[in-house]
Amino acid sequence: QVQLVESGGGLVQAGDSLRLSCAASGRTFSDYSMGWFRQAPGKERELVAAITRSNGSTYYSDSVKGRFTISRDNAKNTVYLQMNSLKPEDTAVYYCASSLRRLVVDLLRPLRYDYWGQGTQVTVSS
């Protein structure tokens, strides 16, 4: 069992930055690849960014590429999502999730993840 707790969400203006954190406990953090998803009202949950457990390879959706950065600190059992140049369309509940899969190609869909956090709200005003 893995417990994931997100933090760092909030209300910001367009162009601002936020850093989300996801603290993990319960199992060896370095054994898991991690992903950040988001879900806006009336929309499906979508993968924003992922980072593998093996070599730290990363994936970004086209909508956030160049603005968001995912990173992990295995010593702190934490994965981060640095979000810059935020846009109103980034407004959503953001979730972190963990997966035992090792390759980026296997991390693109929600069903590939084993554990989920409760989510943190990010609201970007125009």
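Residues numbered from 1 in each chain as written. Predicted model: local features only at pLDDT ≥ 70, side-chain atom pairs only at ≥ 80, totals over all residues. Heavy atoms only, no water.

Q: Give me the lowdown on the overall build of the protein chain, citing residues and values where you can.
A: Counting its secondary structure elements, the protein chain contains zero helices and eleven strands. Along the chain direction, N to C, the helices and strands of the protein chain fall in the order β-β-β-β-β-β-β-β-β-β-β. In summary, the protein chain has a C-alpha radius of gyration of 13 Å against a globular reference of 14 Å for 126 residues, a match within 12%. On the principal axes, the C-alpha backbone points of the protein chain span a range of 40 × 25 × 25 Å. Every one of the 126 residues in the protein chain was classed for burial, and the buried ones make up 41%. Accessible area of the protein chain: about 6400 Å², with a carbon and sulfur share of 46%. In the protein chain, which carries 15 positive and 11 negative side-chain charges, the distance between the mean positions of the two groups comes to 4 Å. (Helix = DSSP H or I, 4+ residues; strand = E, 2+ residues; numbered from the N terminus. Rg over C-alpha atoms; globule rule 2.2 N^0.38 Å. Buried < 20%, exposed > 50% of the residue type's maximum accessible area, 1.4 Å probe, protein only. Areas by Shrake-Rupley, 256 points an atom, 1.4 Å probe, with all protein chains shown as cover. Lys, Arg positive; Asp, Glu negative; His and termini not counted. Charge placed at Lys NZ, Arg CZ, Asp CG, Glu CD.)

Q: Lay out the packing of aromatic side chains with the relevant residues and their values.
A: Per the stated rule, a full pass over the model turns up three aromatic pairs. Aromatic pair Phe-37 and Trp-116: ring centres 4.8 Å apart, planes at 55 degrees, arrangement tilted. Pair noted here: Phe-37 is in strand β4 (residues 33-39) and Trp-116 is in strand β10 (residues 115-116), with a separation of 79 residues, a long-range link. Residue classification places Phe-37 among the buried positions, given a relative accessible area of 0%. Each ring, one from Tyr-113 and one from Trp-116, has its centre 6.0 Å from the other, and the planes form 55 degrees; the classification is tilted. With a relative accessible area of 28%, Trp-116 lands in the partly exposed category. Taken together, the aromatic side chains of Phe-37, Tyr-113 and Trp-116 make up a single cluster linked through ring pairs. (Phe/Tyr/Trp six-rings, centres within 6.5 Å; stacked < 30°, edge-to-face > 60°.)

Q: Give me unusual backbone geometry: which residues, what numbers.
A: With phi around 55 degrees, Asn-77 is a residue other than glycine that occupies positive phi space. Along the chain, Asn-77 turns up in the loop between β7 (68-73) and β8 (78-83). Unusually for a residue other than glycine, Ser-85 sits at a positive phi of about 50 degrees. Relative to the helices and strands, Ser-85 is located in the loop between β8 and β9 (92-99).

Q: Residues and numbers for a nonpolar patch on the surface, please.
A: A surface patch of nonpolar side chains, about 280 Å² in accessible area, is lined by Leu-103, Val-105 and Leu-108. By secondary structure assignment, the location of Leu-103 is in the loop between β9 and β10. (Patch = residues over 30% accessible without salt bridge, like charges linked within 9 Å, V, L, I, M, F, W, Y side chains within 5 Å. Salt bridge = Lys/Arg side-chain N within 4 Å of Asp/Glu carboxyl O.)

Q: Please give an account of the nonpolar core that cites residues and values.
A: Trp-36, Leu-81, Met-83 and Tyr-94 are the most contacted members of the largest nonpolar core, which totals 28 residues. Elements supplying a minimum of two residues to this core: β3 (18-25), β4, β5 (46-51), β7, β8, β9 and β11 (120-125). Considering each element in turn, this core owes the most residues, four residues, to β3. When near neighbours in sequence (up to four residues on either side) are disregarded, Leu-81 contacts Leu-18, Arg-19, Leu-20, Trp-36, Val-48, Ala-49, Phe-68, Thr-69, Ile-70 and Tyr-94. (Core = buried A, V, L, I, M, F, W, Y, C linked by side-chain atoms within 4.5 Å. Contact = heavy atoms within 4.5 Å.)

Q: Lay out the pairing of β11 in plain terms, naming residues and giving numbers.
A: Looking down a regular strand, the side chains alternate between one sheet face and the other. Only one face of β11 is buried, namely the one carrying Thr-120, Val-122 and Val-124, since none of Gln-121, Thr-123 and Ser-125 on the opposite face is buried. Sheet topology note: the β9/β11 ladder contains three bridges and is antiparallel. Bridge pairing in β11 links Val-93 to Gln-121. (Pairing = 2+ DSSP bridges.)

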